[in-house]
Amino acid sequence: MKGARILGSPINDKNTQVVFLKQRLDMFAELLEAIDPVEADLEDIDRMIQIVEEMDAKCREFKNRDM
(Lines give C-alpha, C1' and ligand atoms only; values in the text may rest on other atoms or scores of the structure.)
Protein backbone atom coordinates (compact mmCIF):
# COMPACT_ATOMS: atom_id res chain seq x y z
CA MET A 1 0.00 0.00 0.00
CA LYS A 2 1.48 3.34 -1.05
CA GLY A 3 2.25 5.68 1.84
CA ALA A 4 1.87 2.93 4.42
CA ARG A 5 4.61 2.32 6.91
CA ILE A 6 5.34 -0.56 9.19
CA LEU A 7 4.31 0.16 12.75
CA GLY A 8 7.32 1.40 14.65
CA SER A 9 9.40 2.13 11.59
CA PRO A 10 11.16 5.51 11.63
CA ILE A 11 9.67 8.50 9.87
CA ASN A 12 12.46 10.19 7.95
CA ASP A 13 10.53 12.33 5.47
CA LYS A 14 10.01 15.89 6.81
CA ASN A 15 6.51 16.17 5.33
CA THR A 16 5.49 12.90 6.96
CA GLN A 17 6.98 14.10 10.26
CA VAL A 18 4.90 17.29 10.12
CA VAL A 19 1.73 15.34 9.24
CA PHE A 20 2.38 12.94 12.14
CA LEU A 21 2.84 15.81 14.61
CA LYS A 22 -0.25 17.65 13.31
CA GLN A 23 -2.35 14.50 13.75
CA ARG A 24 -1.09 14.05 17.30
CA LEU A 25 -1.77 17.70 18.09
CA ASP A 26 -5.28 17.43 16.63
CA MET A 27 -5.95 14.33 18.75
CA PHE A 28 -4.72 16.21 21.83
CA ALA A 29 -6.96 19.20 21.04
CA GLU A 30 -9.96 16.88 20.65
CA LEU A 31 -9.17 15.24 23.99
CA LEU A 32 -8.85 18.64 25.64
CA GLU A 33 -12.21 19.75 24.24
CA ALA A 34 -13.88 16.54 25.40
CA ILE A 35 -12.76 16.76 29.01
CA ASP A 36 -15.17 18.41 31.39
CA PRO A 37 -13.08 20.62 33.72
CA VAL A 38 -15.40 19.87 36.62
CA GLU A 39 -15.29 16.11 36.07
CA ALA A 40 -11.57 15.80 35.16
CA ASP A 41 -9.51 13.81 37.59
CA LEU A 42 -5.77 13.42 38.16
CA GLU A 43 -5.57 10.52 35.70
CA ASP A 44 -6.97 12.73 32.92
CA ILE A 45 -4.41 15.44 33.66
CA ASP A 46 -1.58 12.88 33.85
CA ARG A 47 -2.61 11.45 30.47
CA MET A 48 -2.60 14.90 28.87
CA ILE A 49 0.86 15.60 30.29
CA GLN A 50 2.04 12.23 28.96
CA ILE A 51 0.75 13.06 25.47
CA VAL A 52 2.55 16.44 25.49
CA GLU A 53 5.76 14.75 26.67
CA GLU A 54 5.44 12.13 23.89
CA MET A 55 5.00 14.88 21.28
CA ASP A 56 8.03 16.72 22.70
CA ALA A 57 10.12 13.55 22.53
CA LYS A 58 9.01 12.93 18.93
CA CYS A 59 9.95 16.51 17.97
CA ARG A 60 13.40 16.01 19.49
CA GLU A 61 13.74 12.68 17.69
CA PHE A 62 12.83 14.26 14.34
CA LYS A 63 15.21 17.16 14.96
CA ASN A 64 18.09 14.80 15.75
CA ARG A 65 17.44 12.77 12.59
CA ASP A 66 17.83 15.88 10.47
CA MET A 67 21.36 16.47 11.73
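(A) Inspection of the packing of helix α1 (residues 14-34) against helix α2 (residues 42-65) at higher detail. Running from N to C, α1 and α2 cross one another at 170°; their axes reach a closest spacing of 11 Å. Between α1 and α2, the angle falls in the class roughly antiparallel. Note on element contacts: α2 touches α1 through Met48, Ile51, Val52, Glu54, Met55, Lys58, Cys59, Phe62 and Arg65, opposite Gln17, Phe20, Leu21, Arg24, Leu25, Phe28, Leu31 and Leu32. In terms of residue class, the contact of α1 with α2 is made up of 12 nonpolar, one polar and four charged.

(B) Just the nonpolar core, in detail. The biggest cluster of nonpolar side chains holds five residues, and these are Phe28, Ile35, Met48, Ile51 and Met55. By residue number, the principal contributor to this core is α2, which donates three residues. Apart from residues no more than four positions distant in its own chain, Phe28 is found in contact with Met48, Ile51, Val52 and Met55.

(C) Expanded view of α1. In this model α1 runs 30 Å from its N-terminal to its C-terminal C-alpha over 21 residues, within 8% of the 30 Å that 1.5 Å per residue would give. Residues Gln17, Leu21 and Phe28 constitute the buried set of α1. All buried residues of α1 lie within an arc of 25° about the axis, which places them on one face of the element. Among the exposed residues of α1, those pointing more than 90 degrees away from its buried face are Asn15, Lys22, Glu30, Glu33 and Ala34. Those residues of α1 that are buried lie in contact with α2.

(D) Representation of the packing of aromatic side chains within the structure. The final tally for this structure, using the stated rule, is one aromatic pair. With a centroid separation of 6.1 Å and 80° between ring planes, the pair formed by Phe20 and Phe62 is classed as edge-to-face. Separated by 42 residues along the polypeptide, Phe20 in helix α1 and Phe62 in helix α2 bring together distant segments of the chain. Judged by relative accessible area, Phe62 falls into the buried class, the value being 4%.

(E) Quick look at a nonpolar patch on the surface. A grouping of Leu42, Ile45 and Ile49 is seen on the molecular surface, where their side chains present a nonpolar patch of about 280 Å² in accessible area. Assignment of secondary structure puts Leu42 in helix α2.

Thresholds applied
Residues numbered from 1 in each chain as written. Predicted model: local features only at pLDDT ≥ 70, side-chain atom pairs only at ≥ 80, totals over all residues. Heavy atoms only, no water. Axes fitted to C-alpha atoms, helices over the stretch in contact; angles between N-to-C directions. Helix = DSSP H or I, 4+ residues; strand = E, 2+ residues; numbered from the N terminus. Parallel < 35°, antiparallel > 145°, perpendicular 65-115°, else oblique. Contact = heavy atoms within 4.5 Å. Nonpolar A, V, L, I, M, F, W, Y, C, P; charged D, E, K, R; others polar. Core = buried A, V, L, I, M, F, W, Y, C linked by side-chain atoms within 4.5 Å. Buried < 20%, exposed > 50% of the residue type's maximum accessible area, 1.4 Å probe, protein only. Expected span 1.5 Å × (residues − 1). Arc of directions from axis to C-beta. Phe/Tyr/Trp six-rings, centres within 6.5 Å; stacked < 30°, edge-to-face > 60°. Patch = residues over 30% accessible without salt bridge, like charges linked within 9 Å, V, L, I, M, F, W, Y side chains within 5 Å. Areas by Shrake-Rupley, 256 points an atom, 1.4 Å probe, with all protein chains shown as cover. Salt bridge = Lys/Arg side-chain N within 4 Å of Asp/Glu carboxyl O.

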